Amino acid sequence: MTALEGVEKAKEEPVDIDICDYLSGQKTQYSRLNFSPRKYPPPADLGLAFKTSKKNHTNTTWDDLRTHIVKQSYKTRSPVICSSGSSGGGGKKFVCHTLNDTNKKNKGRKREDEDFRETHLVNDGERGERENGRSLPRRTSGQDISDGKCGLLFTVKCDEIGYHITLFRSAGTCMHSHHIKYNYSDVSLPLRLLEENEFKELKNVHDTQAGEGLCKAYLFAKTGQLVPRGKIAYLFGSKATGDADFASDIDKLLSYLEDEKDIVHAVFWDMASRGNDGCRLVSKCKCVEDEDPIVTDLTADRSMKKVVAMVREDRKERNIGSNQNLFLSVMWGEKENLRYFKMYPETVFVDVTSHSNNKKYHLLTFSCKSGTNKQVLFLKAWIPNQRRFSFRWVFKYGMESLGLHHYFKYTELIMKDGDPQQHNEIQNFMVEYLTNAFDGACGWHLVRQGCLRDCPGKNAAGKEYAEKWEQFLTHVKNWLYSWMRPGYCETEDEYKISKELLFRYISSESALQAAGGHQQLLDTVKRWVQNKVIVSENHFLFYLRKHKRAFHTYCSNGHEGTNFGMKNHTIPLKANGSMTKNAKALTMQASLKAAEMNANAYRNVIKPNKKWSKLPTAPYVTPFAEGLVHAIMDRQDLYSVRRVGEREFEIKCSICVEPFIADHSVSEDKCPIPRFHRIRRVVVDDDGVCRCSCCYFEQVGIPCPHMAKCLILCSRSGTDFSTQMCQCDGGVSTITLRINFLAMVISHSCFTTSVIMM
C-alpha cells in the first residue's frame with residue numbers, strides 16, 4: 001500500500017487481535033500491525049519515539065504503550081519483557097519473560113564465596129541469616145540460558161504513521177522454545193503495570209499502616225495474581241517516596257508529627273549549644289497550626305538536675321559528642337481524642353507498655369472513659385526508660401505545654417498499676433494539678449497478678465486438693481475485690497469488720513482442709529494479704545472514693561485492653577516496627593476510634609425513637625443512658641420508703657442485694673463475703689439539691705433508685721417541689737436535672753433531660 005493509504009488505514013477504529021497469529025509469516029498479506037495513533041500518537045521528533053519519561057523527556061507515549069503491551073501479555077498468560085533495540089535500529093524488541101538474556105544475573109559467573117547463609121531443617125529463618133550479628137550475602141539465582149534462550153520475539157517500530165509491530169519478511173517468532181510450559185497465572189504481577197487508579201487504591205491501603213501483607217491480599221483478591229511483600233515494600237519505600245536515605249527514624253517521626261494538622265505534640269531534647277555553653281535540656285511544643293513551636297529551656301530547673309546528670313552519662317556511654325542533639329522523649333495526641341478527654345476528664349488511666357518499637361523505647365499511654373463507657377486513648381508518649389526523669393518531663397512540662405493541665409483539675413480518679421517510679425511522679429503531679437483526684441491503684445494488678453506471683457500455686461496442696469485450694473484462693477480474691485466494689489464496705493467500720501472476718505476465714509478449719517492440712521500455705525496467703533494488698537488500702541478502698549465521679553472503677557482492665565488491642569489491631573503496633581511506622585499506626589487506630597464514636601453519637605441523635613423503651617426519657621438520652629434508667633426503674637418494687645421529715649426520706653431494700661446491678665461473679669452460698677443491711681437516707685437541701693447516702697449520683701451522674709422511689713411517694717401525696725433536684729458540677733460543664741414531682745406519677749420515670757451523653 002502507499003503511505004497515504006497506510007495513514008487512512010491507521011485512522012480506522014482499532015480492534016483487539018492475537019499478535020502470535022501474525023508472526024512468523026503466518027499472514028503474508030500484512031506487513032505491519034498498527035497501534036491506535038489516537039491513543040499512542042507518534043512524536044514530532046521520531047528520534048524521541050523510544051525515549052522514556054524517566055530520562056527527562058516529555059514524550060510519555062512510549063511508556064504507556066510499553067506498559068500496555070506487557071500488561072496484556074500477562075493477562076493472556078504469555079508474559080513478555082522489553083529488551084534492547086532491534087538489530088536494524090529504530091525499534092524495540094519484546095522477548096519471552098521466562099528465558100531471555102536481558103538480565104545481567106543470567107550472564108554473570110557463579111560466585112565461589114563460602115560465606116553464604118546456611119540452611120537448617122529446624123528454625124531455618126533465624127539460624128541461617130546472620131553470623132556474629134552481621135547479615136550474610138544473599139543467595140541469588142538467575143535464568144539458565146546456556147542451552148539457548150526462548151525464541152518468542154516481536155519488534156515495535158515507529159514512523160510518521162505511528163507505532164506498529166513490523167511483519168516485514170516474516171518478522172517475529174510466535175513459539176516458545178528451550179523451556180517447559182508453565183502455568184503463567186502464578187507469575188507475580190510487576191507493580192509498574194498497575195493503572196493509575198489501581199496504584200492510588202493500593203497506596204490508600206498502604207497508608208492505613210496495615211502493612212504490606214494486607215496490600216498483598218488486596219491485590220490478590222482484585223487481580224488474582226500474587227505480588228511479593230518485598231516488591232510492595234520497595235514500591236512505597238524511601239526511594240519511591242523521596243525520603244532521604246540518611247534520615248533517621250527519629251527525624252522521620254518528628255517530621256510526620258509536624259506535618260499532620262490534626263496532631264499536637266511536644267518533644268524533649270538535649271540540644272547542642274553554640275559556643276562552649278555545653279548542652280541544654282529543651283522542650284519543644286507545637287499545638288497551633290502554622291505557628292512556630294514554643295521552646296522552653298529546662299536546664300536551669302532544679303527538678304531536672306538529675307536528668308542533666310543522666311543525660312551526660314548517657315552521652316558518654318554512647319560516645320555522642322556535645323555538638324550533636326540527643327533525642328529523649330516525644331508525646332502527642334490527636335485533637336479529636338483530646339476533645340473527648342476535655343469532655344470527660346473525670347477518670348484518667350495511665351500505663352506503660354514495652355515491646356512497642358525496635359528502638360526499645362517504652363510507650364506511655366493515657367486514656368479516659370466517655371459517657372457511653374468507651375475507653376478513649378487520648379495521649380501517647382515514647383519514653384527512653386521507666387526511670388523517674390522520663391515521667392517527670394511528661395507530667396511536669398509535657399502536659400502543661402499541650403494545655404492539658406487545666407482539664408486535669410477536674411479529674412477525680414487517676415488509675416495506674418504498681419510501677420513505683422510512675423507512682424512517685426504522679427503524686428508530684430497531683431499536688432500541683434490533680435488537686436481533686438483520688439490516687440487509685442489497679443485492683444487487678446494488686447489481687448490477681450499479686451496472687452499469681454506471691455501465693456502458692458494450684459498443686460501446692462497436692463493434686464487431690466488442687467480444686468479445693470483453687471476455690472479457696474478464688475474466695476480470698478473475691479473478698480479482696482469486695483473492698484473495692486460498691487455495695488459491700490461503704491464505711492470504715494464495715495471495712496474493719498470485713499477485714500477481720502477475712503483473716504478469721506483464712507485461719508479457719510475449712511481453709512486448712514482446702515490446704516490439705518498444710519498450715520504454711522495459709523500463712524503465705526495471710527502474709528501476702530497483709531504485706532502486699534492491705535499496705536495499699538488507701539489507694540483502692542471504695543468508701544474512700546465513693547464521693548468521686550469514678551464510674552465504679554476499681555481496676556485498669558479497660559486501659560489494659562487498649563494496650564492489647566493496639567498490638568492485635570487490623571493496623572497493629574509491632575514490636576519490630578520503627579517508631580515512625582508505629583506512631584502512624586497508633587494515629588490511625590485513634591482516628592478510627594474517634595470516627596466510630598462520632599458516627600454512633602450522630603446515629604443516636606437522628607434516631608431518638610427507641611422502640612424497646614416506653615419511658616419518656618427515651619427520646620432525650622442515648623441507648624446506653626436509657627438502659628441504665630431501665631435498670632433503676634426495674635428495681636422500684638424492691639424498695640419501701642418512709643417519710644421522716646418535710647424534706648427527708650428513709651428507703652429500705654427488701655433484699656440485701658446491692659449495688660443496683662447484681663454481681664453474678666460472687667455466689668453468696670459459696671463465698672462468705674459479708675454484706676451489710678442498710679437504710680438509705682434521701683435529703684432535699686434548702687437550696688433544692690437532692691442527695692442520697694448511697695452516693696450513686698456522685699459516682700455515676702445518674703439519680704439512684706432511692707431518689708426515684710422518693711419522687712413517686714411525693715407525687716402520690718401531692719407534693720410539688722418543681723425545683724432543682726440533682727445538680728453536679730462536672731468541671732467542664734454543669735449538668736442540672738430538673739424534676740417535677742407531679743410528673744413522676746404520670747411518666748413513671750426517674751428524670752427527664754435533654755443532655756446527650758457521648
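This one's a predicted model, so the numbers in the text were calculated from it and none came from an experiment.

Looking only at helices and strands, the protein chain has 25 helices and 22 strands in total. By the burial criterion, 44% of the 758 residues in the protein chain qualify as buried. By sequence separation, contacts in the protein chain at least 24 residues apart represent 65% of the contacts at least 6 residues apart. Here the protein chain has roughly 40,700 Å² of accessible surface; of this, 49% comes from carbon and sulfur atoms.

With that out of the way, let us pick up a negative patch on the surface. Together, E258, D259, E260 and D262 line one region of the surface with negative charge. As for its position among the elements, E260 is in the loop between α9 (249–259) and β8 (263–272).

On the surface, Y602, V605 and I606 cluster together to form a nonpolar patch covering roughly 310 Å² of accessible area. Within the element layout of this structure, Y602 appears in helix α21 (residues 579–606). For Y602, a relative accessible area of 53% gives the class exposed.

Whether parallel or antiparallel, the strands of a sheet pair through hydrogen bonds between backbone atoms. Within the open sheet, the four strands sit side by side as β17-β18-β19-β20. Their pairing is antiparallel. The open sheet has two edge strands with one neighbour each: β17 (639–645) and β20 (690–692). Across this sheet, the average inter-strand angle for adjacent strands is 20°, counted without regard to direction. Where strand β19 (residues 679–684) and β20 come together, three bridges link them in antiparallel fashion.

In this section: the packing of α9 against α21. Where α9 contacts α21, the two axes come as close as 8 Å, and the packing angle between them is 30°. One finds that α9 runs roughly parallel with respect to α21. Residues D249, I250, K252, L253 and Y256 of α9 touch α21, and the partners they reach there are M579, T580, A583, K584 and T587. Residue composition of the contact of α9 with α21, by class: five nonpolar, two polar and three charged.

What follows deals with the packing of helix α16 (residues 466–482) against helix α19 (residues 519–533). Packed helices, taken two at a time, are described by the angle their axes make and the gap between the axes. Interhelical geometry of α16 versus α19 gives an angle of 20° and a closest axis separation of 13 Å. Looking at the two axes, α16 sits roughly parallel to α19. At the point where α16 passes α19, the crossing takes the right-handed sense. Judged by residue contacts, W469, F472, L473, V476 and L480 of α16 engage L521, L522, V525, W528, V529 and V533 from α19. Residue composition of the contact of α16 with α19, grouped by class: 11 nonpolar, no polar and no charged.

Basis of the calculations
- Residues numbered from 1 in each chain as written.
- Predicted model: local features only at pLDDT ≥ 70, side-chain atom pairs only at ≥ 80, totals over all residues.
- Heavy atoms only, no water.
- Helix = DSSP H or I, 4+ residues; strand = E, 2+ residues; numbered from the N terminus.
- Buried < 20%, exposed > 50% of the residue type's maximum accessible area, 1.4 Å probe, protein only.
- Contact = heavy atoms within 4.5 Å.
- Areas by Shrake-Rupley, 256 points an atom, 1.4 Å probe, with all protein chains shown as cover.
- Patch = residues over 30% accessible without salt bridge, like charges linked within 9 Å, V, L, I, M, F, W, Y side chains within 5 Å.
- Salt bridge = Lys/Arg side-chain N within 4 Å of Asp/Glu carboxyl O.
- Lys, Arg positive; Asp, Glu negative; His and termini not counted.
- Charge placed at Lys NZ, Arg CZ, Asp CG, Glu CD.
- Pairing = 2+ DSSP bridges.
- Axes fitted to C-alpha atoms, helices over the stretch in contact; angles between N-to-C directions.
- Parallel < 35°, antiparallel > 145°, perpendicular 65-115°, else oblique.
- Nonpolar A, V, L, I, M, F, W, Y, C, P; charged D, E, K, R; others polar.
- Left-handed = near helix turned anticlockwise from the far one by under 90°.

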